[in-house]
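Here are the chains, one letter per residue:
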Amino acid sequence: CDILAPDPYNKGRSPMRNIYDSVTACVEETDGTKPVMCIIGNYGTAGKWRPDREELRTMCYLAFAAGSTALGFYSWMEGDEIGGKMDTTVQPDQIESYRALFKEFKALEPALTTANLSSGAPSVEPAQPRGFFPCAKKGRDGKLYLIVASDLYRSATRKIVFPAAKGKSARLLFGPSHTGT
């Protein structure tokens, strides 16, 4: 195959790390020699789960942290159930979510489309319980990028150990601001 595209059906908070695990399995299965494009589910009917903007963002960053170098979005439901057809033509809020996310991703594009660093990768302390998923990428612009995604739905603190960044400064692009190094 030329591109491997996992389509994990996580359907909400049960849990979103299924996206991370699915992409990781694909990257490992191809020994990192093929591009992996994660398909993000973004659909639902009235009264059933459909991701909000923050959940959509989290799913995307979980895919990037796991090694996906591209994303696809599945935003369609046939409408066999009450509520009828559900696609982006009848969900303008989803279009606005896409616009906001694509703008954010465009700013990170030099790194998001590159493979994760295999040596000197960041780690999380403590590693258990799971819930924080870091990766490091060297962008085409020569800068190091650290991405940390979490699917915990609550405040928690972890130490991210990233030896390659020792003595360097960082700028937070998205997320709650925390002090410390």
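Residues numbered from 1 in each chain as written. Predicted model: local features only at pLDDT ≥ 70, side-chain atom pairs only at ≥ 80, totals over all residues. Heavy atoms only, no water.

**Q** I tried to follow the pattern of salt bridges on my own but got confused; where do I start?
**A** Two side chains that carry opposite charge are able to pair once their charged atoms sit near each other. Taken as a whole and judged by the stated rule, the model has six salt bridges. Linking Asp151 and Arg17 is a salt bridge whose minimum nitrogen-to-oxygen distance equals 2.8 Å. In this pair, Asp151 sits in the loop between strand S7 (144–150) and strand S8 (159–161) while Arg17 sits in helix H1 (residues 17–29), placing the two residues 134 residues apart along the sequence. Across this residue pair, the class does not change: Asp151 and Arg17 are buried. Between Arg99 and Glu96 there is a salt bridge whose closest N-O contact spans 2.7 Å. With Arg99 and Glu96 both in helix H3 (residues 92–112) and three residues apart, the pair spans about one turn of that helix. (Salt bridge = Lys/Arg side-chain N within 4 Å of Asp/Glu carboxyl O. Helix = DSSP H or I, 4+ residues; strand = E, 2+ residues; numbered from the N terminus. Buried < 20%, exposed > 50% of the residue type's maximum accessible area, 1.4 Å probe, protein only.)

**Q** Could you clarify how one ought to interpret unusual backbone geometry in this entry?
**A** The phi angle of most residues is negative, glycine excepted, and most peptide bonds adopt the trans form. The peptide bond linking Glu125 to Pro126 adopts the cis configuration, its omega dihedral lying at -10°. With respect to the secondary-structure elements, Pro126 resides in the loop between strand S5 (123–125) and strand S6 (132–138). A positive phi angle, close to 55°, is found at Asp31, a residue other than glycine. With respect to the helices and strands, Asp31 occurs in the loop between H1 and strand S1 (37–41). We classify Asp31 as exposed; its relative accessible area is 68%.

**Q** Whenever I open this one, the packing of aromatic side chains confuses me. Can you help?
**A** Here the distance between the centres and the angle between the planes together describe a pair of aromatic rings. The final tally for this structure, using the stated rule, is seven aromatic pairs. Ring plane angle 75° and centroid distance 5.6 Å describe the contact between Tyr61 and Phe105, whose orientation is recorded as edge-to-face. Here Tyr61, found in helix H2 (residues 53–66), pairs with Phe105, found in helix H3; they are 44 residues apart in sequence, far enough to count as distant. For Phe105, a relative accessible area of 10% puts it in the buried group. An angle of 85° between the planes, with centres 5.5 Å apart, marks the rings of Phe64 and Phe105 as edge-to-face. (Phe/Tyr/Trp six-rings, centres within 6.5 Å; stacked < 30°, edge-to-face > 60°.)

**Q** Looking at this structure, I do not really get the environment of Ala100. What am I missing?
**A** Counting through the fold element by element, Ala100 comes out in helix H3. Judged by relative accessible area, Ala100 falls into the partly exposed class, the value being 27%. In the structure, Ala100 is positioned 43 residues away from Arg57 in sequence and 9.7 Å away in space, judged by C-alpha atoms.

**Q** I'm lost on H3 in this one. Help?
**A** At 3.6 residues per turn, the α-helix brings residues three or four places apart onto the same side. The terminal C-alpha atoms of H3, which comprises 21 residues, lie only 26 Å apart, well short of the 30 Å expected from a rise of 1.5 Å per residue. Of all the bends found along H3, the most pronounced is centred on Lys106 and spans about 50°, while Pro110, a proline, follows it within four residues. Looking only at H3, the buried set comprises Gln94, Ser97, Tyr98, Leu101, Glu104, Phe105, Leu108, Pro110, Ala111 and Leu112. Residues of H3 that are buried in the fold lie against H2, strand S2 (70–74), S6 and S7. (Expected span 1.5 Å × (residues − 1). Bend = angle between axes of the 7 residues up to and from the residue. Contact = heavy atoms within 4.5 Å.)

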